[in-house]
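So the chains spell out like this:
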Amino acid sequence: MNKYAKMKEVANRETEFRNEQAALHEKHKDIDQNKVIVEKSMAVKHTYSFIKSICRTIVGVLFILLAAIGVITLIYPELRTELISILSTIYNEISSMV
């Protein structure tokens, strides 16, 4: 490497940066020329919203299933007594663990 290689590399990066900023200022004309424009990838944002929508769907389905189980146990007395015995068993187990 010669002694000016680092300076040449820095100058090339500076030229690339200025060219990129010029292209971005052409794309976004409403931003002042003396401001730096940084475009970020939206992949993370879209992935987050996708996972969020999947979680909402799963929670909605679970809510509907639990509501259906609740309505069914209210209608049929045999199921109601079984549900109450199961819930009391669960409560006893949890209280014995604590």
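The model shown is predicted, which means the values in this text are computed figures rather than measured ones.

Novice: With reference to specific residues and values, describe the overall build of the protein.
Specialist: Along the backbone of the protein there are three helices and zero strands. Ordered by position from N to C terminus, the α and β elements of the protein give α-α-α. Over its C-alpha atoms the protein spans a radius of gyration of 31 Å, topping by over 25% the 13 Å that the globule rule assigns to 98 residues. Out of the 98 residues in the protein, the part that is buried amounts to 5%. Carbon and sulfur atoms form 66% of the exposed surface of the protein, whose accessible area is close to 9300 Å². Of the charged side chains in the protein, 13 are positive and 11 negative; the average position of the first set lies 9 Å away from that of the second.

Novice: For the side chain of Thr 73, give the residues involved together with the corresponding values.
Specialist: With respect to the secondary-structure elements, Thr 73 resides in helix H2 (residues 43–75). In this structure the side chain of Thr 73 is engaged in a polar contact, spanning 2.9 Å, whose partner is the backbone oxygen of Gly 70.

Novice: Lay out the pattern of salt bridges in plain terms, naming residues and giving numbers.
Specialist: Applying the stated criterion to the full structure yields three salt bridges. Between Glu 14 and Arg 18 there is a salt bridge; the shortest N-O distance is 3.2 Å. On the criterion of helical spacing, the pair formed by Glu 14 and Arg 18 is a turn pair, its members being four residues apart in helix H1 (residues 5–27). Taking relative accessible area as the criterion, Glu 14 reaches 36% and is therefore assigned partly exposed. A salt bridge links Lys 29 to Glu 26; the shortest N-O distance between them is 3.5 Å. For Lys 29, a relative accessible area of 65% corresponds to the exposed category.

Novice: Give a detailed account of the environment of Tyr 76, specifying residues and quantitative values.
Specialist: Relative to the helices and strands, Tyr 76 is located in the loop between H2 and helix H3 (77–97). A sequence separation of 22 residues divides Tyr 76 from Val 98, and the C-alpha atoms of the two residues are 33 Å apart.

Novice: Can you tell me about the confidence of the model for the protein, naming the residues and giving the values?
Specialist: Averaged over the protein, the pLDDT score is 90; the fraction of residues at 70 or greater is 99%. Considering each helix and strand of the protein separately, the mean pLDDT is smallest for H1, with a value of 90, and largest for H2, with 94.

Novice: Could you give an account of the environment of Ile 84, with specific residues and numbers?
Specialist: As for its placement among the helices and strands, Ile 84 is situated in helix H3. The exposure class assigned to Ile 84 is exposed, which follows from its relative accessible area of 53%. Sequence separation between Ile 84 and Thr 73 is eleven residues, and the spatial gap between their C-alpha atoms is 9.6 Å.

Cut-offs and rules
Residues numbered from 1 in each chain as written. Predicted model: local features only at pLDDT ≥ 70, side-chain atom pairs only at ≥ 80, totals over all residues. Heavy atoms only, no water. Helix = DSSP H or I, 4+ residues; strand = E, 2+ residues; numbered from the N terminus. Rg over C-alpha atoms; globule rule 2.2 N^0.38 Å. Buried < 20%, exposed > 50% of the residue type's maximum accessible area, 1.4 Å probe, protein only. Areas by Shrake-Rupley, 256 points an atom, 1.4 Å probe, with all protein chains shown as cover. Lys, Arg positive; Asp, Glu negative; His and termini not counted. Charge placed at Lys NZ, Arg CZ, Asp CG, Glu CD. Polar contact = N/O pair within 3.5 Å; in protein donor to acceptor, adjacent residues only side chain to side chain. Salt bridge = Lys/Arg side-chain N within 4 Å of Asp/Glu carboxyl O. pLDDT = per-residue confidence, 0-100.

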